[in-house]
Amino acid sequence: MLDRAEDEIVGHTAMEITHADERSETENVVANFRIGSQQEYHVEKRYLKKDGSPVWLNVTTTSVPATETSEPFLQAIYINISDRKRAEAALRASEERWRAMFETAPVGITVLDTERRAYLAANAAFQRITGYTGDELRQLTALDVTHEDDRAAAQKRLDTGTIGGQQKRYRRKDGGAIWADVSTFAVPAADNTPAFLGAVIVDITDRKRAEDALRRSEAYLNRVFETMPDGVAIIGRDYRYERVNPVYEDRTGLSCEQIVGMHIADINGVEAFNEVIKPQLDRCFAGEHVSYARWSTRFAPGERYHSITYAPLFVSESRRPDAVLAITRDLTEFMQASEALQQAQADLARLNRVMLLDEMAASIAHEVNQPIAAVITNASAGLRWLGAPQPDLDEMRQTLGRIVRDGTRAGEVIGRIRALVKKMPPRRDLLDINEAIGEVVALTETEMQRTGVKLQSRLTHNLPLVSADRVQLQQIMINLIVNAIEAMAGASNGSRELNIVSGIDDGNDVFVEVQDTGPGLDPEKLDRLFQSFYTTKPEGIGMGLAISRSIAEAHGGRLSAARNQPHGAVFRLTLPVEEARLPNPF
Ligand code: ADP
């Protein structure tokens, strides 16, 4: 046992071969041992081998009393228990390891008595999850800490002995609710019956909250997608619909399920796809945001006007868009309304023009009458000469020439009037403003003469051309001239002078001014002049200046009024030289 020879033991004290840790206790025992007292003493202690290593021995020491032949002595019996001691130490170490693992595990671990449903053990993580201490938990059952809404289900699981994974809620000591992922398993008892229920509990409250938020936001997104009044589609790189909202059902008469997977050309036609849609989509697939608008006859009912935007969608890590989000807004009604508005404006302008022409009808009739009367006079003279015995051919040639000249003049007058009244869409001509002024002056000249207005033109030559609708511009000028004539006709005294000036201003814009010597303008009412239906005339309508200003603005220009010096009014029409931009509703 001790690897010692007899002489290495005999003659030595017990203390010498006892492990250092055990010596004091051994000394104690030896001191209290009364030899011959028939006491017996059991101890498990370590001795030292010859090489100094310890050996566990079970020692039974007996005091043998004296006999007639012998002195009393101590007798000891040794059993080597090193192996058992080693096994015990290993078991203890292993148990400690398991306990440490149980206590420090980051997930909750519990052991439940299946009969009483009480906690036999609950580790620190589970105590953190529920907010109870280990001692408190040992007083509670699994149902006590289960959330009231999940208690019935938990009870059922315990009743039926169901084991496995589930998600459930706990009610914390502080009242808070916790979501947990719980896996239960049977822990076999010593006799192999599943006497205990083990559980591993993972707190998933945060994950659950995030999942709920994600689910909610997904639900919202879906709802938005489904209820958007605009058509919303997701289009793949193969130009096929990956998803469409119910607006597409109304537009196409097909169900969303039918449309998904279809090619854009299947719905919009091959021509529209190749010529319009694909080029725009390709820009978007290259990463651009695209928006455009188009009329299409493919959608029910009838021709529809759509404003379309494409936004690139990235779902993978790829730097190329994986799909395109297409949003199409039906603007047909808006377009129809705005066209109707434009039409109404045009009609009103024409109406106004017709009324102005009506006022000038007399002077126009006069202008046309003159050449016709001259034609008749000349023709009668010609007839008379033809009746003479010796017709003067030279005289005849001159008379016929005069007839042709007067007839042409009448024709020109009529042509100009027709151009004014005819319902023509606005045109954009590059025109010389001075020429337009000349034509307007020719139309209003007779009226000026009749009312005693003296006209002076100061036109700047070689002005840059402006891009404008000739008839509309002339309408503005006629309005201004007629207003000036009317204003001066009202004034009884003073000279009646009308100045028409053209030129180029500091901002490089071409301008036309109509200046008069009438009563002038009230500075406080300058802006009201341009409001619709503002008039100071008994027969007035008050639309002339309003329409004139809207025409000027549609050409990118301005129409303003000011006082003339020393008296009278000045109206100034300004037009940009570069090509005017038409207002765009988008
Ligand atoms: P209307 O000719 O039907 O009155 P307009 O829009 O042409 O409508 O003009 C509105 C008003 O502006 C006129 O009624 C008049 O009071 C004023 N106005 C326009 N031109 C002149 C002018 N040259 N001098 C003075 N007042 C003017």
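Residues numbered from 1 in each chain as written. Predicted model: local features only at pLDDT ≥ 70, side-chain atom pairs only at ≥ 80, totals over all residues. Heavy atoms only, no water.

Let us look at the site of the ligand. Neighbouring the ligand are 19 residues, the closest being Asp516, Thr535, Thr536, Gly542 and Leu545. At a separation of 2.4 Å, an oxygen atom of the ligand approaches a polar side-chain atom of Thr536. Between the ligand and Lys537, the relevant distance is 2.8 Å, taken from an oxygen atom to a side-chain nitrogen or oxygen of the residue. Among the secondary structure elements, those contributing two or more residues to the shell around the ligand are helix H15 (470-490), helix H16 (544-554) and strand S20 (569-575). Looking at which element gives the most residues to the shell around the ligand, the answer is H15, with three residues. Looking at the shell around the ligand residue by residue, the class counts come to ten nonpolar, seven polar and two charged. (Near = heavy atom within 4 Å. Polar contact = N/O pair within 3.5 Å; in protein donor to acceptor, adjacent residues only side chain to side chain. Helix = DSSP H or I, 4+ residues; strand = E, 2+ residues; numbered from the N terminus. Nonpolar A, V, L, I, M, F, W, Y, C, P; charged D, E, K, R; others polar.)

Inspection of every chain in the model, using the stated rule, returns 33 salt bridges. The partner of Arg172 in a salt bridge is Asp174, and the shortest N-O contact between them spans 3.2 Å. Between Glu486 and Lys537 there is a salt bridge, with its nearest N and O atoms 2.8 Å apart. Placement of the pair is Glu486 in helix H15 and Lys537 in the loop between strand S18 (510-516) and H16, with a sequence separation of 51 residues. Of the residues examined, Glu486 reaches a relative accessible area of 32% and is grouped as partly exposed. Here the salt bridges do not stand alone but share partners, grouping Glu44, Arg84, Lys85 and Glu88 into one network. (Salt bridge = Lys/Arg side-chain N within 4 Å of Asp/Glu carboxyl O. Buried < 20%, exposed > 50% of the residue type's maximum accessible area, 1.4 Å probe, protein only.)

Attention now goes to helix H14 (residues 433-451). Between its terminal C-alpha atoms H14 stretches 26 Å, which fits the 27 Å expected from 19 residues at 1.5 Å a residue. Approximately 45° is the largest bend angle found in H14, and it occurs at Thr444. Taken residue by residue, H14 has Ile433, Asn434, Ala436, Ile437, Val440, Val441, Leu443, Thr444, Thr446, Glu447, Met448 and Thr451 as its buried positions. Its side-chain oxygen at 3.0 Å from the backbone nitrogen of Asn434, Asp432 defines the N-terminal cap of H14. Once H14 finishes, Gly452 follows within two positions and takes phi at roughly 70°, a positive value. (Expected span 1.5 Å × (residues − 1). Bend = angle between axes of the 7 residues up to and from the residue.)

What follows concerns the packing of aromatic side chains. All told, the structure shown has nine aromatic pairs when counted by the stated rule. With a centroid separation of 5.6 Å and an interplanar angle of 90°, the aromatic rings of Tyr47 and Tyr78 are classed as edge-to-face. Linking Tyr47 in strand S1 (residues 40-48) with Tyr78 in strand S3 (residues 73-80), this pair joins segments that are 31 residues apart in sequence. Accessibility expressed as a relative area gives 5% for Tyr47, which makes it buried. Ring centres 5.7 Å apart and planes at 65° place the aromatic pair Tyr241 and Tyr248 in the edge-to-face group. The class of Tyr241 is buried, set by a relative accessible area of 4%. Positioned over the ring face of Phe225 is Arg243, at 4.1 Å from the centre of the ring. (Phe/Tyr/Trp six-rings, centres within 6.5 Å; stacked < 30°, edge-to-face > 60°. Lys NZ or Arg CZ within 6 Å of the ring centre and 35° of its normal.)

Keep in mind these values describe shape, not function.
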